[in-house]
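# Notes for the structure review
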Amino acid sequence: KKLADELLKRYLTETSAYPEHVAISVWGTAAMRTHGDDIAQIFALLGVEPIWQKENHRVTGVKLIPLLELGRPRIDVTIRISGFFRDAFPHL
């Protein structure tokens, strides 16, 4: 969430508007090193929260954050994933 907030704050400062869409590249080794910060950023930009399975801590879905609670428009995100990410995280 912090990464998304910082990105939006900078964009707002530079353009006085929210972006309609952003593109993010997701790399497997970076996702492992940061424990999924880039995925959390994508979720935050989309305005969704993960639904966790209690038994194994896997994400089983997402739920929308109400727009009134979110306080901003949802941002469309185009994701480019690396081959290693695809292979390392087939459940995502």
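Residues numbered from 1 in each chain as written. Predicted model: local features only at pLDDT ≥ 70, side-chain atom pairs only at ≥ 80, totals over all residues. Heavy atoms only, no water.

### Regarding the pairing of strand β3 (residues 59–64)
- One ladder, built from 5 bridges, connects strand β2 (residues 48–52) with β3; its direction is antiparallel. Counted as the bridge partner of P50 is V62 from β3.
- Adjacent in sequence and paired antiparallel, β2 and β3 are bridged by 6 residues, among which H57 carries a positive phi angle near 60°. (Pairing = 2+ DSSP bridges. Helix = DSSP H or I, 4+ residues; strand = E, 2+ residues; numbered from the N terminus.)

### Things to note about the packing of aromatic side chains
- Within this structure, the stated rule accounts for 1 aromatic pair.
- Ring geometry for F85 versus F89: centroids 4.8 Å apart, planes at 45°, classification tilted.
- We classify F85 as buried; its relative accessible area is 5%.
- Over the face of the ring belonging to W27 we find R80, whose NZ or CZ atom lies 5.2 Å from the ring centre. (Phe/Tyr/Trp six-rings, centres within 6.5 Å; stacked < 30°, edge-to-face > 60°. Buried < 20%, exposed > 50% of the residue type's maximum accessible area, 1.4 Å probe, protein only. Lys NZ or Arg CZ within 6 Å of the ring centre and 35° of its normal.)

### What about helix α1 (residues 2–15)?
- The end-to-end C-alpha distance of α1 is 20 Å, a good match for the 20 Å that 14 residues give at a rise of 1.5 Å each.
- S16 sits one or two positions beyond α1 and adopts a positive phi of about 65°. (Expected span 1.5 Å × (residues − 1).)

### Regarding the packing of α1 against helix α3 (residues 37–46)
- Direction vectors running N to C along α1 and α3 enclose 60°, while the axes themselves pass 7 Å from each other. Here α3 runs oblique to α1, going by the angle between their axes. Both α1 and α3 take part in a crossing whose hand is right-handed. Across the interface between the two elements, L3, A4, L7 and L8 from α1 touch D37, Q41, A44 and L45 from α3.
- The residue inventory of the contact of α1 with α3, partitioned by class, reads 6 nonpolar, 1 polar and 1 charged. (Axes fitted to C-alpha atoms, helices over the stretch in contact; angles between N-to-C directions. Parallel < 35°, antiparallel > 145°, perpendicular 65-115°, else oblique. Left-handed = near helix turned anticlockwise from the far one by under 90°. Contact = heavy atoms within 4.5 Å. Nonpolar A, V, L, I, M, F, W, Y, C, P; charged D, E, K, R; others polar.)

### Comments concerning the layout of surface pockets
- In this structure, the largest pocket occupies an estimated 650 Å³ of space.
- The wall of the largest pocket is formed by 28 residues, among which G36, I39, A40, F43 and W52 lie closest to the centre.
- At the level of secondary structure, the elements contributing two or more residues to the lining of the largest pocket comprise α1, α2 (28–34), α3, β2 and α4 (67–70).
- For the lining of the largest pocket, the leading source of residues is α3, giving 5 residues.
- Of the residues assigned to the lining of the largest pocket, the class counts are 17 nonpolar, 4 polar and 7 charged.
- The calculated volume of the second largest pocket comes to roughly 170 Å³.
- Contributing to the lining of the second largest pocket are I39, I42, F43, L46, V59, I79, I81, F85 and L92.
- Counting only elements with at least two residues in the lining of the second largest pocket, the list comes to α3 and β4 (76–81).
- When residues in the lining of the second largest pocket are grouped by element, the largest group, 4 residues, is from α3.
- For the lining of the second largest pocket, the residue count by class is 9 nonpolar, no polar and no charged. (1 Å grid on protein atoms, 1.4 Å probe; cavity = no way out; pocket = protein on both sides within 12 Å on 5 of 7 lines; lining within 4 Å. Points joined across faces, edges and corners; volume = space filled by probe spheres on them.)

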